[in-house]
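# Remarks on the overall topology
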Amino acid sequence: MTETRARFHEALRGLEDQALGGLDLVVATIDRTLEALKHQDVELASMVIADDDRIDGRYLEVHQGILSLLATEAPVATDLRVVAALLHVIGHIERMGDQCVNIAKLIPLSGHEPPTDEQLIERIERMGACVRSEVGQAKQAFALRDAGLAQDLVRQDAEINALNREIFAMALEIGDDADRREWAAYMMLVARALERIGDNAVDIGEQTAFVVTGLFREFSDASRVG
Amino acid sequence: MSPHDPETQMTDPPTDPATAAGETGQSTAQPPGRDGAATTAAATGRRITLDSLSAFYGDSAAVRAVSLEFPPNEVTAIIGPSGCGKSTMVRCINRMHEEIPRARAEGKVLLDDLDVYEDGVDVVAVRRAVGMVFQKPNPFPTMSIFDNVASGPRLSGARGGDLRDRVERTLRGAGLWEEVKDRMDQPGLGLSGGQQQRLCIARTLAVEPKVILMDEPCSALDPVATLKIEELIAELKQRYTIVVVTHNMQQAGRVADTTAFMLDGELVEHGATDRIFTNPGDSRTEDYVSGKFG
């Protein structure tokens, strides 16, 4: 059997590598963001904000590459599904980068040595680790075309959602001290941003299942409490 | 094609099965264009059904037991690599295949209820009901634009004003009238390639067929002429059953309601065009449409 569209398929593979490489950028950015959060490192937070341009640049490159492939190669069948999925994936990557920026922007607002709560911090860190793992798994599932691994993201995401709810409840019960309440409110926003990154990872999993099966379905109903 | 013309009695298949069974021996079907012609929306195409159709060149099978249905007023695209049997299959529908020495077909080709391979069927009338447009535009070289279109109706007895009206209606139906109305007496070969192909489509429409077979109708045309033919196909399907053989998969995607993929003489897959090009069910279809072989 002769491969008749070798250059196109090579270009498509290159585009996929470029897009999934964006998830590596996101993982590195999550690491820096969590590090900055842990140590209240404003300089590192600034770097996270500045480096978001790299993720945005990756988005523009992949987006342009997808438009070019659609215009010149008219992909069909699985190729078409991959191209369509990559368009979603790179959008989610761009949003994940923005959520890290949202967290980084909160770090200077919460002050140099804010009053913290050990239990709440522990949950934020656990949540960060889960999100990091989830993003890595989303990449692996897409690259391997593994619908089962993609579906498993829902399990991880449920853990993240549960932590988010716990953090919300703990923040409400943080006490009457104004500084602590302010800090806890920022942590609620951090948790919310991490939770959104998790949702983006699940969305990438849904795109993986679409590529594999040809049918798009949401893994979980967003209108349900979960 | 008059219902009372003895030549057409076996070939204008009745819409009423009882008539098809031979109760009257005459067709009750209304040919297209009787009341205003091939260019009005009154007429509809007819259903073509292939039932275990095989076609041979000598001992070699080019089409193997294909069963497939072409619904009226739909465009069906046939795709597949060179030599897969798609043109041969289509030529069996209007019994053109048997014109090749040692070529023969087995199985059934039904035009509604009439098996066109039944004994006693008038082959000429079958070909009139099932018109064909070929890859290369082939206007009659010595004839004017008018005569190219008029030649078929003349054989059915059309003359004078009736003939002129019919030629005009047909050329309008083929989307060519405005471009040629002031030079009807000039040779058909003087037209551009795209215009020649539309002239050939007009020539096919002029004998008021029910089904139009198109074998690579745009492969010799430039992109603009190709798009004009594709627009025309979309209009013609309102009145005819259309089968298009094409190597151009984007064309199949643009014009066809359903697409059939053939390989080595066999029908691999047939389904809605959208599905064939986004989520084909057979890995061989996937490999072909995405260019993994060809």
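The preceding data block contains the structure.
Here goes a summary of the coordinates provided. Fair warning: this is a prediction, and the values are worked out from it, not measured in the lab. (Residues numbered from 1 in each chain as written. Chains lettered and ligands numbered in written order. Predicted model: local features only at pLDDT ≥ 70, side-chain atom pairs only at ≥ 80, totals over all residues.)

Moving on, we come to the interface of chain A and chain B. Residue-level contacts link 14 residues of chain A with 13 residues of chain B. In terms of residues, the side of chain A that touches chain B owes the most to one element, helix α3 (residues 77–109) of chain A, which gives 5 residues. Split into classes, the residues belonging to the side of chain A that touches chain B amount to 6 nonpolar, 4 polar and 4 charged. (Contact = placed C-beta atoms within 7 Å. Helix = DSSP H or I, 4+ residues; strand = E, 2+ residues; numbered from the N terminus. Nonpolar A, V, L, I, M, F, W, Y, C, P; charged D, E, K, R; others polar.)

Residue and element names in this part refer to chain B. The strand order across the open sheet built from 6 strands is β6-β7-β8-β3-β9-β10, with neighbouring strands paired in mixed fashion. Edge strands, defined here as strands with exactly one partner in the open sheet, are β6 (130–133) and β10 (266–272). Within this sheet the neighbouring strands show an average axis-to-axis angle of 20°, counted without direction. Two strands pair when backbone bridges link them, and strand β9 (residues 258–263) and β10 are joined in this way by 6 bridges, in the antiparallel orientation. Residue Leu 263 lies in a different strand from β10, and its bridge partner there is Glu 266. (Pairing = 2+ DSSP bridges. Axes fitted to C-alpha atoms, helices over the stretch in contact; angles between N-to-C directions.)

Okay, the pairing of β9 of chain B next. All names here are of chain B. Most of β9 sits out of view: 6 of its 6 residues are buried. Judged by which residues are buried, β9 turns out to be covered on both faces: Thr 258, Ala 260 and Met 262 on one side and Thr 259, Phe 261 and Leu 263 on the other are all buried. Bridge count between strand β3 (residues 75–79) and β9: 4 bridges; the pairing is parallel. Residue Ile 78 lies in a different strand from β9, and its bridge partner there is Ala 260. (Buried ≥ 20, exposed ≤ 12 C-beta atoms within 10 Å, placed from the backbone.)

Our next topic: the nonpolar core. Core analysis: the biggest nonpolar cluster contains 134 residues, and Leu 86 of chain A together with Val 244 of chain B have the highest contact counts within it. The biggest single contributor to this core is α3 of chain A, with 15 residues. Each residue touching Leu 86 of chain A, except ones within four places of it in the same chain, is listed here: Leu 15, Glu 16, Ala 19, Val 62 and Ile 66 of chain A. (Core = buried A, V, L, I, M, F, W, Y, C linked by C-beta atoms within 7 Å.)

Let's shift gears to helix α1 (residues 6–38) of chain A. With 33 residues, α1 of chain A extends 48 Å from end C-alpha to end C-alpha; this agrees with the ideal 48 Å at 1.5 Å per step. Note on α1 of chain A: the residue one or two positions beyond its end, Gln 40 of chain A, has a positive phi of about 50°. (Expected span 1.5 Å × (residues − 1).)

On to unusual backbone geometry. Among all residues except glycine, the phi angle is most often negative; among peptide bonds, the trans geometry is most common. Residue and element names in this part refer to chain A. The phi angle at Gln 40 is positive, at roughly 50°, despite the residue not being glycine. For Gln 40, the location among the structural elements is in the loop between α1 and α2 (42–73). Take Gln 40: there are 16 C-beta atoms within 10 Å of it, and that puts it in the partly exposed class. For Ala 77, which is not glycine, the phi torsion reads 55° and is therefore positive. As for its position among the elements, Ala 77 is in helix α3.

In this section: the sheet that holds strand β1 (residues 48–57) of chain B. Working definition: the strands of a sheet are paired by backbone hydrogen bonds and lie parallel or antiparallel to each other. Residues and elements named next belong to chain B. Read across the sheet, 4 strands follow the order β2-β1-β4-β5 without closing on themselves; strand pairing throughout is antiparallel. One side of each edge strand has no neighbouring strand; the edge strands of this open sheet are β2 (60–70) and β5 (114–115). As defined by bridge partners, β1 adjoins strand β4 (residues 103–111) across 8 bridges and the pair is classed as antiparallel. Bridge pairing links Tyr 57 to Ala 103 in β4. Against the sheet, helix α2 (residues 86–93) touches β1, β2 and β4, its axis set at about 120° to β1.

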